[in-house]
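Structural overview for review
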Amino acid sequence: MAFYSAVEAVLGVTWLSALFTLGSLSVFWLLRHRERKSQHALHNAWAQISAFDPSSLDRSKTADDWKTTRLGKATLVSNRYAHEIRNDERLSFQLGLEQDFLTTVPGLESLFGGTFHNGIVWDAAMHFSRKLNTVVDPLSEETIEYLQKNWGDDKEWHTVPLHHSMLMLIAQLTARLFIGEELCRDPEWLGIATGYTMDRTFAVKELQQWNPRLIPVVHWFLPSCRKLRATIKKARGFVDRVRTERKQKKTTADDTNRVDAMTWIDSVARDQNCSYDATLTQLRLAYAAVHTTGDMMTKVVAALCENPEMIEPLRKEIISIISEHGWREAALHKMTLLDSVLKESQRIQPLGLYTLSRIALEPITLDDGTQIKKGEQVKISTDHMWNSSIWPDAAQFDGYRFQRFRDNPDQSSAVSFVSLSANHMGFGYGKHACPGRFLAAIEAKVALCHLLLKYDFELENKEASAAQTEGVMIWRDHRAQLRIKRRVEKIEW
Ligand code: HEM
């Protein structure tokens, strides 16, 4: 006993606490080990990169063979359930987000319904969509500035990285609308707005390898999560500075006419007498808007390079409509070929192979008897996009496809880029469909008008620009390089 007491005195711990520590470590290790094993297959499935081949996804002849399958904790169901599932209150959108994006972990709560948010962000986003006529000029100004600085006036062919170029263009346009003129050209702020999304995605992947019961503890220590919290801290410095400067300035007519989300959200918050976290809101908006729209722009520019016969007709449409109707939102709506090209590009290469991730709040039996257990997660396949009984010759890009539908009374209802249908769920479907799609469409159209009229462009190397799937996501290879040269546009902006 004397020996044990001596050891106890030296180590300064009791046997009980030593045993407790050892026990906790073993439980911790066991939970980690078990989760690692079960997540291993899932992680491999998510990380696997393969060539994207839409013809292999055409279920026109095998639709009835679809079996629900599993990916990790999720049950993957056929696109044909989209209509049934989209507005079912028993399937929670919020819990789906929590599971996929860990929205309640400190540092990750900027996304959607995280702990610091309330309804005002949604209200403000809707308000934004109703004010689209005010955003065309600022978007155009930023596109001109970005292209002048980054693409230049060189009339000889030179090269820019396609995806990075589109991402940073959209980051600047979006920042102009979300936070305003003070920061939208600031490389440090743009680095935060784009980097946060990448870092957050990495942190989620890392956390998901741990047992969910350990996440509330391990996130405090994982380097990826600490980095995210440091980024939020840095972002606060920028957002607080802008807010303080604005408060210090006397309110001028210019200030009250500001076109940026921060101003609108402030006014909604004042009207509703509620507070909100301005920094997390900015990061949340950037997360939802920048990589998604940047990815869409990358895909549409690559599609135009692969289908160069579309370029002249698009230029003609833009010039004739702007000459007749001026440079306004209404004119952008009249560009039906441009709209059709965007929708076709998104049809053939949407963001992912699955959408509408939901968790069942109670046991559910679907129309055909398929059972979903309480607590089970479902994701809907987007395979109708590539189904040639719905879209003839579905694996082929056809820029005129949706423009032709406009003349067909049977098909004219869901032809615009922002319209929703079970056969084209690029922006989701049902009551949680993307509220930012109107803004994404305007941004893309303004940017494409400038790109098409001011530059000739082509892919440097088609193989290195191909579409690929990474897990359930669809990307263009980020190594793609674009050859560009300045042309003379035949229009006054
Ligand atoms: C091409 C660009 C975009 C694509 C492809 C896209 C895609 C989507 C999809 C598929 C959903 C539905 C998720 C579901 O039902 O499970 C969604 C939801 C959402 N998107 Fe987008 N999005 C884009 C741009 C934007 C932009 C620019 C904003 C912000 C202004 C935004 C904000 C949101 C929000 C807030 C939701 C959640 C809706 C809810 O809470 O009910 N998105 N998006």
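In this report, we go over the structure that sits alongside the text. Residue positions are given per chain, counting from 1 as you read along its sequence in written order. Residue-level local features of this predicted model are given only where pLDDT is at least 70; pairs of side-chain atoms are given and counted only at 80 or more, and the full residue set underlies all totals for whole chains, interfaces and linings. Side-chain descriptors were evaluated using all non-hydrogen atoms of the structure, hydrogens and water having been removed beforehand.

**A word on the overall build of the protein chain**
To be explicit about the condition: Helix numbers and strand numbers start at the N terminus; a helix is a DSSP run of H or I with at least 4 residues, a strand a run of E with at least 2. For every residue, the accessible area (1.4 Å probe, protein chains only) is compared with the maximum for its type, and the residue is labelled buried under 20%, exposed over 50%, or partly exposed between those bounds.
Along its length, the protein chain carries 18 helices and 13 strands. Buried residues in the protein chain amount to 50% of all 493 residues.

**Quick notes on the side chain of S357**
The cut-off we apply is this: In protein, a polar contact means a hydrogen-donor-capable atom and an acceptor-capable atom, both N or O and within 3.5 Å, with residues adjacent in sequence counting only if both atoms are side-chain atoms; elsewhere, any N or O pair within 3.5 Å suffices. Contacts are residue-level and defined by heavy atoms, with any inter-residue pair within 4.5 Å sufficient.
In this fold, S357 is placed in strand β6 (residues 354–360). For S357, a relative accessible area of 14% corresponds to the buried category. Here Q377 takes part through its side chain, which lies 2.9 Å from a polar atom of the side chain of S357. Residue contacts for S357: discarding those within four places in its chain leaves S92, F93, G96, D100, Q377, V378 and K379.

**Looking at the coordination of the iron atom of the ligand**
Note the following rule: Excluding water, the donors of a metal are its N, O and S neighbours within 2.8 Å, or within 3.2 Å for Na, K and Ca, and that exclusion means sites may look incomplete.
From the protein, the iron atom of the ligand takes a single donor atom, C434 (SG), 2.3 Å away. Examined against the element boundaries, C434 turns out to sit in the loop between α17 (401–405) and α18 (437–454).

**So, the packing of aromatic side chains**
The line we're drawing: Any pair of Phe, Tyr and Trp rings, taking the six-membered ring for Trp, is counted once the centres come within 6.5 Å. Such a pair is stacked with planes under 30 degrees apart, edge-to-face with planes over 60 apart, and tilted for the rest. Here, a charge over a ring means that NZ of Lys or CZ of Arg falls within 6 Å of the ring centre while also lying within 35 degrees of the ring normal.
Scanning the model with the defined rule gives 8 aromatic pairs in all. When the ring of W391 is compared with that of F405, the centres are 5.9 Å apart and the planes differ by 35°; the resulting orientation is tilted. Taken as a pair, W391 in the loop between β9 (377–381) and α17 and F405 in helix α17 lie far apart in primary sequence, 14 residues in all. Here the two residues W391 and F405 agree in accessibility, since each one is buried. In this structure an aromatic cluster arises from ring pairing among W391, F402 and F405. The lysine or arginine in question, R200, covers the ring of Y287, its NZ or CZ lying 5.0 Å from the ring centre.

**Here's the deal with the pattern of salt bridges**
Note the cut-off: A pairing counts as a salt bridge when a side-chain nitrogen of Lys or Arg comes within 4 Å of a carboxyl oxygen of Asp or Glu.
Tallied over the entire structure, the rule returns 31 salt bridges. As a salt-bridge pair, R236 and D277 come within 3.1 Å of each other at their nearest N and O atoms. Linking R236 in helix α10 (residues 223–248) with D277 in the loop between α12 (261–272) and α13 (278–306), this pair joins segments that are 41 residues apart in sequence. Residue class for R236 comes out partly exposed when judged on its relative accessible area of 30%. Measuring nitrogen to oxygen at the nearest pair gives 2.9 Å for the salt bridge that ties E344 to R347. Highlighted residues: E344 and R347, both in helix α16 (residues 336–348), separated by 3 residues, approximately one helical turn. For the pair shown, E344 and R347 are each scored as buried. The network of salt bridges with shared partners includes E141, E142, E145, R176 and R185.

**As for the sheet that holds strand β2 (residues 69–71)**
Spelled out, the test is: Here, a strand pair is defined by DSSP locating no fewer than two bridges between the strands. Throughout, an axis means a line fitted to C-alpha atoms (over the contacting stretch in the case of helices), and angles, computed between N-to-C directions, take values from 0 to 180 degrees.
Overall, mixed pairing links the 5 strands, which are arranged β2-β3-β9-β6-β4 in an open sheet. Two strands lie at the open edges of the sheet, namely β2 and β4 (91–92), each paired on one side alone. Inspection of the sheet shows strand β3 (residues 74–77) paired to β9 by 4 bridges, in the parallel sense. Within β9, the residue paired with L76 across the bridge is K379. Most of the contacts of helix α4 (residues 93–101) go to β6, to which it runs at about 105°, and overall it touches β4, β6 and β9.

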